[in-house]
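Chain by chain, the residues:
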Amino acid sequence: MNNKIRLAIILVIVWLLLSGMFEPLMLGFGLFSVIFAMWLTSRMHKIDQERYTFFVTGSFIVFLLKLGIKVIQSNIDVCARILGFKPIESTFITIDMPYKDDVAKVLYANAITLTPGSSSIALDDNTLLVHTISEQGAKDLAEGDMRNIMPKRYAITDLGKQTS
């Protein structure tokens, strides 16, 4: 109960700071929003029980740095294609999902989507459908370009066996 009171106080303060309006109608909207948010959080109790442990390790920080470099490289490539220096070769590719862990799957798919010029479309247990703006980007993904920068914690070497 103590966490709910704290959350309600934080939500009220944030609402007041962001809106900056103290008219009755706006305060009513704020009160409704806070009550609605509190109701949603109470309904999410079941989801809170299904937590995934995620630790920020050295390999994860290295992954973020490598992903940042990929984002910059992809931005340059997309700009070159928009400006007409390179052709736009829109394509879809299905990639075998190299991970069994749900967190690794989501991290992998989101890393692909974060790089401009590619977007993860559909994810299932064994495959990931990706749209890319270039055939070279699709080829790079098929060859494991993004998989190679993933944190080693998620590396799968042989039919689902994880390395440590």
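Structure: see above.
Please read all numbers here as calculations on a predicted model, not as lab measurements.

**Q** I would appreciate a short explanation of the overall build of the chain in the present structure.
**A** The secondary structure content of the chain amounts to 6 helices and 5 strands. Shown N-terminal to C-terminal, the secondary structure of the chain runs as helices and strands in the order α-α-α-α-β-α-β-β-α-β-β. Put simply, the chain has 164 residues, and 25% of those count as buried. Sequence separation of 24 or more characterises 63% of the internal contacts of the chain that already satisfy a separation of 6 or more. For the chain, the exposed area adds up to about 11,400 Å²; of that, 65% sits on carbon and sulfur atoms.

**Q** Could you clarify how one ought to interpret the packing of aromatic side chains in this entry?
**A** In this description, an aromatic ring pair is defined by two values, namely the gap between the centres and the angle between the planes. Evaluated as defined, the whole model comprises 4 aromatic pairs. Look at phenylalanine 60 and phenylalanine 63: their rings are 5.8 Å apart centre to centre, the planes differ by 40°, and that puts the pair in the tilted class. Of this pair, phenylalanine 60 and phenylalanine 63 both sit in helix H4 (residues 58-82), 3 residues apart, which is roughly one turn of that helix. Phenylalanine 63 shares its class with phenylalanine 60; the two are buried. Arranged with centres 5.3 Å apart and planes meeting at 65°, the rings of tyrosine 99 and tyrosine 108 form a pair that is edge-to-face. Comparing tyrosine 99 with tyrosine 108 shows no difference in burial state: the two are buried. Members of the aromatic cluster, joined through ring pairs, are Phe32, Phe36 and Trp39.

**Q** Sorry, what's going on with the environment of serine 119 here?
**A** When you line up the elements, serine 119 lands in strand S2 (residues 118-123). Other than its neighbours up to four places away in sequence, serine 119 contacts Thr113, Leu129, Val130 and His131.

**Q** Would you take a moment to explain the sheet that holds strand S1 (residues 91-96) for this structure?
**A** Sheets are built from strands paired through backbone hydrogen bonds, the pairs being either parallel or antiparallel. Overall, antiparallel pairing links the 3 strands, which are arranged S1-S3-S2 in an open sheet. Two strands in the sheet have a free side with no partner beyond their single neighbour: S1 and S2. Across the sheet, the mean angle separating the axes of adjacent strands is 30° when strand polarity is ignored. Sitting on the sheet, helix H5 (residues 102-114) is in contact with S1, S2 and strand S3 (127-132), with an inclination near 145° to S2.

**Q** I would appreciate a short explanation of the pattern of salt bridges in the present structure.
**A** Using the criterion set out here, one finds 3 salt bridges in the structure. With a closest N to O distance of 2.9 Å, arginine 81 and aspartate 77 form a salt bridge. Within this pair, arginine 81 and its partner aspartate 77 are both found in helix H4, separated by 4 residues, close to a single helical turn. One salt bridge connects lysine 86 with aspartate 77, and the closest N-O pair in it is separated by 2.9 Å. According to the relative accessible area criterion, aspartate 77 is buried, its value standing at 18%. Here the salt bridges share partners, and the residues they tie into one network are Asp77, Arg81 and Lys86.

Conventions we followed
- Residues numbered from 1 in each chain as written.
- Predicted model: local features only at pLDDT ≥ 70, side-chain atom pairs only at ≥ 80, totals over all residues.
- Heavy atoms only, no water.
- Helix = DSSP H or I, 4+ residues; strand = E, 2+ residues; numbered from the N terminus.
- Buried < 20%, exposed > 50% of the residue type's maximum accessible area, 1.4 Å probe, protein only.
- Contact = heavy atoms within 4.5 Å.
- Areas by Shrake-Rupley, 256 points an atom, 1.4 Å probe, with all protein chains shown as cover.
- Phe/Tyr/Trp six-rings, centres within 6.5 Å; stacked < 30°, edge-to-face > 60°.
- Pairing = 2+ DSSP bridges.
- Axes fitted to C-alpha atoms, helices over the stretch in contact; angles between N-to-C directions.
- Salt bridge = Lys/Arg side-chain N within 4 Å of Asp/Glu carboxyl O.

Read these as layout, nothing more, since geometry by itself doesn't imply function.
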